[in-house]
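# A look at the structure
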Amino acid sequence: MFFSGDSSNRKRVDLGGRSTKERDRQKLLEQTRLERNRRLWLRQQNSAATKIQKCFRGRKVARLEYSKVREQFYGTYGEHFQNAEKSCFGPDSDFLRQLLFFFDARSVGDFTVLVETCRLLQKFVRDTGDIVSLFAGMDYSLKQALVNYRVKKLAYLCIKAVHQNRNQMKDQLFASPKESTVSTTLLLETVVLLTDHKLPWVCRTVNYLLERKAFTLFREIILTGRASIENHDSVGRVSSLERTLAVVISHIGQEPCNCSNVGAHWSFSSQILTIPFLWRLLPHLKEVFSARGLSQHYIHQMALCVHNHADMLPNDTSVELPSYACLLGNILESSIVALSQPDRSFELAVDLAAVATFLLESLPSIKSLNRRSKEDSMVGEDDDAMEICLNNDLERQICEAIDSRFLLQFTNVLFGGISAVSDPHKAPDDKEISAVGAACAFLHVTFNTLPLERIMTILAYRTELVPVLWNFMKRCNENQKWSSLSEQLAYLLSGDAPGWLLPLAVFCPVYKHMLTIVDNEEFYEQEKPLSLKDIRSLIIILRQALWQLLWVNPTASSNFSKSVTSTPANKKHAVEFIQQRVGIVASELLSQLQDWNNRREFTSPSDFHADGVNDFFISQAVIENTRAHDILKQAPFLVPFTSRVKIFTSQLTAARQRHESHSVFTRNRFRIRRDRILEDAYNQMSALSEEDLRGPIRVTFVNEFGVEEAGIDGGGIFKDFMENITRAAFDVQYGLFKETSDHLLYPNPGSGMIHDQHLQFFHFLGILLAKALFEGILVDIPFATFFLSKLKQKYNYLNDLPSLDPELYRHLIFLKHFKGVISELELYFVIVNNEYGEQTEEELLPGGKNLRVTNENVITFIHLVANHRLNYQIRQQSSHFLRGFQQLVQKDWIDMFNEHELQLLISGSLDSLDIDDLRRNTNYVGGYHSEHYVVDMFWEVLKSFSLENQKKFLKFVTGCSRGPLLGFKYLEPLFCIQRAAGSATDEALDRLPTAATCMNLLKLPPYRSKEQLETKLMYAISSEAGFDLS
């Protein structure tokens, strides 16, 4: 046909490439599949309908049969049991058979029947005194199976009846046996009667109750009635519910019990011990659980679940009361009693440590009670990091359970058979390894979860933890026994974690805390708790462990403190976390031991230096965000002092160069009157911005006649200015600073009584000292160590007090070791301040005037006194000084040094006045050379000078009385001697030596004799004529 113009007749083309037959085939398969599914659904629907009908018909028939038997029961025994006799409970009676058959706990009538049955049973038992014959007749063995069945069913139905009607009887659930007419009392006392441990069927009965998950029923009964128990006067009363639970749990695990093991999820530990504040509700049960050795059985069962990582806990009662936390609180509270029993066992303590460790590991941190930090409230950005806030009462229960009594008993049981002094060549046995492993695992998690204040003091001073752990670590280290501990803690630590990790994680913070309280006599003279020889060995072990953790096998995170605080609670036992934790606590302990060594040297300073520090490490340490740089910040003592000084010097040089490049044309010129140097410097320096302070400052001196001194400041006059102003500003006569008995400087607590603007002056002095450090100028100012610690923002302790007030320290130590009744000394928590004849009394604690010092709180009093003198009194002055100091010197720069080393940075060391070293690093110009006779005479004369005159000479030629910290090799520029006169005429030889301090240059005429040279040089350096001789 020709084209007609009708588009509807156009042939359709499938662009998918499939034929119509294939498309029809796919459609047919899909229809077949749908039809098959429809038929399957119909079959399932018919089968379900059949089952429902079958179940319904069965239930209907059963209900009819129940009603029929119930009517027979009432007809036989009467609605009020008027026909019931003692024989009704016998094996030949239908009384129990019928009752157990038709009983429905939801039926009010059936419930009443069961209660009346229990009343009759108790009456008949009281009358006859023999419950076995009541149920079995003359021979129990003949009717054993029938009797056992009836008894266990009756016991279960009593519990089931209470559970089913718990909401209607919530005020009766904790009724006592004396309330004999109360339904719950009759039902639960019947269970007590039927499960007496002397009865022949008790094992089968209890086993039946456990199989039917009776503890789950008990849990719901307790949770329902706990709100109403507050309205009962429960003091001294034992409820029937407690008696029932006590009988049931007392049977489990005791000989000759052969009950089958119930699933962990339905056990007493899981269902009952996880009830919040259980022992408040059931105090008698706590005594039974703790005193009869039952806790050992149940805690051992929980320990097995921990080792197998079994999830056995029920659903939480609320978000703030998670089951694991409630279980932990109840276990710890009951363990105080269990550990105090005479028959306590080592195995109980080990199992308790395992369970408590597992539960504490899941607990959110409780660093202070009733207080939430802002940081915690902001953690919610990451769901994984979000932590649950526990109920305050639950937190208090857990914290108060781990008290001094618990810690003492816990450590005594674990370490009771372990000596703190053993043969160092004898390796620890398996029991000792188990004890140390259990204690360390528990205490490590405790340190990271609970507040440390009380825990640390108890462990440090009232237990043998430190000497026992040290003895263990020393023997493990010498006998290479660490692998055994790793195997013992395999359920806690994954991977190839070294065995020394957990012992160090516990030992370091406890021993560090002990060192903050121990006095100098105990440490150095009595050598308590460790001998100085042992401390030297400890330093080496800590140094090697720290180097291994930080450099050889470092953790993934380089930011140690941040990674530790942000680690989720459920990963606290990850190897990485413990490595980071040990890195921190070992660093802190080594730093503290270094402070003790600086106070009185007992080991070589090089013992603190890591063996692996080399040029590559030093080159890396200068670069930020490198591993070496992080180590330098966390454990600077691993790096030799000279290397750290070089790094510090390079940082200062780089900072000065940056600011000099930005301020090429900026010149800050000071015009300073020598007789008003402090006031002029304060006024002119206070006007400078922080940027200007970092830049160069040029000084012109004006003498007492108002005439500017000769000389152009190329750096030497500024050095002279810095030395003079620091001497004037820190002079005790000015009143801002005071001197200790050792002539060391510290802020005057009464500075405000002398200067109205004393805090502004302290800020200025902080800038002044920082400027000296920033410019590399040494100033001869001996600071007290406890004040230098404020530059490092550290806290001072009792052992720092002798440098401030030796007499007060002696009195406090006498008080610490006083054997009598301290309260008879009539001391109170107050301290008297005496500044310039004005006495003021200050309380050390709120209400301290009325708080007497006793034997129990004397340690607190001693440390509060030390804190007041070393920290509190100078807090404002130190704070303003530090604020000024940090305007020029970054905190990171001085954190590399301890207080002793910081003093060397400020003032240098007298050891640096090595004349031979100066001679080796001297240049000669103008005709002089190292072999010239005038040069030889000069060095002989200089070497014969006293130390004081040598310092005067050094100040004369360099502007500073102390040499560079690392020796004269680092003097910039090097010291130079120039011939001053072209000819040796009498007029030329009559001239005095002169100096250019900005160039460290000595202009020395060619004197003919040693005597003449000595006379002229001595006159020049002693004239104190400023720069008029330069």
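Residues numbered from 1 in each chain as written. Predicted model: local features only at pLDDT ≥ 70, side-chain atom pairs only at ≥ 80, totals over all residues. Heavy atoms only, no water.

## Side note on the pairing of strand E1 (residues 668-673)
Put simply, side chains in a regular strand alternate between the two faces of the sheet. The alternating pattern of E1 places Asn-668, Phe-670 and Ile-672 on a buried face, while none of Arg-669, Arg-671 and Arg-673, on the opposite face, is buried. With 6 bridges connecting them, E1 and strand E2 (residues 697-702) associate as parallel partners. In the sheet register, Arg-669 faces E2, and the bridge partner there is Arg-698. (Buried < 20%, exposed > 50% of the residue type's maximum accessible area, 1.4 Å probe, protein only. Helix = DSSP H or I, 4+ residues; strand = E, 2+ residues; numbered from the N terminus. Pairing = 2+ DSSP bridges.)

## Details of the packing of helix H3 (residues 108-128) against helix H5 (residues 144-164)
Angle between the axes and distance between the axes are the two parameters that describe a pair of packed helices. Running from amino to carboxyl end, H3 crosses H5 at an angle of 130°, the nearest separation of the two axes being 11 Å. The orientation of H3 with respect to H5, classified from their angle, is oblique. In terms of crossing hand, the pair formed by H3 and H5 is left-handed. In this structure, H3 contributes Phe-111, Leu-114, Cys-118 and Leu-121 to the contact, and H5 contributes Leu-154, Leu-157, Cys-158 and Ala-161. Its residues assigned to classes, the contact of H3 with H5 comprises 8 nonpolar, no polar and no charged. (Axes fitted to C-alpha atoms, helices over the stretch in contact; angles between N-to-C directions. Parallel < 35°, antiparallel > 145°, perpendicular 65-115°, else oblique. Left-handed = near helix turned anticlockwise from the far one by under 90°. Contact = heavy atoms within 4.5 Å. Nonpolar A, V, L, I, M, F, W, Y, C, P; charged D, E, K, R; others polar.)

## A short note on unusual backbone geometry
That bond from Lys-528 to Pro-529 is cis: its omega, -5°, falls within 30 degrees of zero. Assignment of secondary structure puts Pro-529 in the loop between helix H24 (520-525) and helix H25 (532-552). If you check the backbone angles, Glu-826 has positive phi at about 60° while not being a glycine. Topologically, Glu-826 is positioned in the loop between helix H36 (806-816) and strand E5 (830-835). Taking relative accessible area as the criterion, Glu-826 reaches 44% and is therefore assigned partly exposed.

## Considering the packing of aromatic side chains
Under the counting rule described, the total for this entry stands at 53 aromatic pairs. Ring centres 5.5 Å apart and planes at 50° place the aromatic pair Trp-547 and Phe-617 in the tilted group. Of this pair, Trp-547 sits in helix H25 while Phe-617 is found in helix H28 (residues 615-621), placing the two residues 70 residues apart along the sequence. For Trp-547, a relative accessible area of 11% gives the class buried. Measuring from centroid to centroid gives 6.3 Å for Phe-737 and Phe-881, while their planes differ by 75°, and the two rings are edge-to-face. (Phe/Tyr/Trp six-rings, centres within 6.5 Å; stacked < 30°, edge-to-face > 60°.)

## Overview of the sheet that holds strand E8 (residues 975-979)
Pairing within the open sheet is mixed, and its 4 strands lie in the order E7-E8-E10-E9. Strand pairing shows two members of the sheet lacking a second neighbour, strand E7 (922-925) and strand E9 (994-996), which therefore form its edges. Between one strand axis and the next, the sheet turns through 25° on average, direction left out of account. Here helix H42 (residues 933-944) sits on the sheet in contact with E7, E8 and strand E10 (1001-1004), set at roughly 130° to E8.

## Observations concerning the environment of Phe-289
Note that Phe-289 resides in helix H12 (residues 283-291). Classification of Phe-289 by relative accessible area gives buried; the value is 1%. It is 7.6 Å that separates the C-alpha atoms of Phe-289 and Ser-334, two residues lying 45 residues apart in sequence. Filtering out sequence-adjacent residues up to four positions away, Phe-289 remains in contact with Ile-249, Phe-268, Leu-273, Trp-279, Leu-294, Ser-295, Tyr-298 and Ser-334.

## Thoughts on the confidence of the model for the chain
Confidence in the prediction for the chain averages 84 pLDDT; 87% of positions are at 70 or higher. Low pLDDT, under 50, characterises residues 558-573; the stretch is placed with 37 contacts to residues that sit more than four places away or in other chains. For the stretch residues 1026-1030, pLDDT sits under 50, and the model shows 18 contacts to residues farther than four places along the chain or on other chains. (pLDDT = per-residue confidence, 0-100.)

## Regarding the nonpolar core
With 284 residues, the main nonpolar core has Phe-135, Tyr-511 and Phe-721 as its most contacted residues. Counting residues per element, this core draws most heavily on H25, which supplies 12 residues. Excluding residues that lie within four positions of it along the chain, Phe-135 makes contacts with Phe-89, Gly-90, Pro-91, Leu-96, Leu-121, Val-147, Val-151, Leu-154, Leu-194 and Trp-201. Within the second largest apolar cluster, 29 residues are counted, among which are Val-934, Phe-945, Leu-971 and Ile-977. (Core = buried A, V, L, I, M, F, W, Y, C linked by side-chain atoms within 4.5 Å.)

## Some points on helix H7 (residues 202-211)
By the criterion of burial, H7 is predominantly enclosed, with 8 of the 10 residues buried. Buried positions along H7 lie against H5, helix H8 (214-225) and helix H9 (240-251). Directly after H7, the chain includes Lys-213, whose backbone phi takes a positive value near 60°.

## Regarding the pairing of E7
Of the two faces of E7, only the one carrying Thr-922 and Tyr-924 is buried; Asn-923 and Val-925 on the other face are not. Sheet analysis places E7 next to E8, joined by 4 bridges and oriented parallel. What sits directly across from Val-925, in E8, is Gln-978.

## Some words on the packing of helix H15 (residues 346-362) against helix H18 (residues 404-415)
Interaxial distance between H15 and H18 falls to 8 Å at its minimum, and their mutual angle equals 120°. Considering the angle they form, H15 stands oblique to H18. The handedness of the crossing between H15 and H18 is left-handed. Residues Phe-346, Ala-349, Val-350, Leu-352 and Ala-353 of H15 form the contact with H18, whose participating residues are Phe-406, Phe-410, Val-413 and Leu-414.

## Re the side chain of Ser-239
Inspection of the secondary structure puts Ser-239 in the loop between H8 and H9. For Ser-239, the residues in contact, after removing those within four places along its chain, are Phe-174, Ala-175, Ser-176, Pro-177 and Leu-282.

## Let's talk about the pattern of salt bridges
Scanning the entire structure with this criterion turns up 37 salt bridges. Asp-393 is the salt-bridge partner of Arg-396, the closest N and O atoms lying 3.0 Å from each other. You can see Arg-396 and its partner Asp-393 sitting in helix H17 (residues 392-401), 3 residues apart, about one turn around the helix. A salt bridge links Arg-543 to Asp-611, with the nearest nitrogen and oxygen atoms 3.6 Å apart. In this pair, Arg-543 sits in helix H25 while Asp-611 sits in the loop between helix H27 (575-599) and H28, placing the two residues 68 residues apart along the sequence. Note on Arg-543: relative accessible area 9%, which makes it buried. For Asp-611, a relative accessible area of 67% corresponds to the exposed category. (Salt bridge = Lys/Arg side-chain N within 4 Å of Asp/Glu carboxyl O.)

## As for the environment of Leu-825
Tracing the backbone shows Leu-825 in the loop between H36 and E5. What makes Leu-825 partly exposed here is its relative accessible area of 37%. Each C-alpha atom of the pair Leu-825 and Leu-815 lies 9.8 Å from the other, and the pair is 10 residues apart in sequence. Leu-825 has contacts with Leu-815 and Phe-818, leaving out every residue within four places of it along the chain.

## Things to note about H15
Between its first and last C-alpha atoms H15 spans 25 Å; for 17 residues at 1.5 Å apiece the expected length is 24 Å, and the two agree. Most of H15 is tucked away, with 14 of its 17 residues classed as buried. (Expected span 1.5 Å × (residues − 1).)

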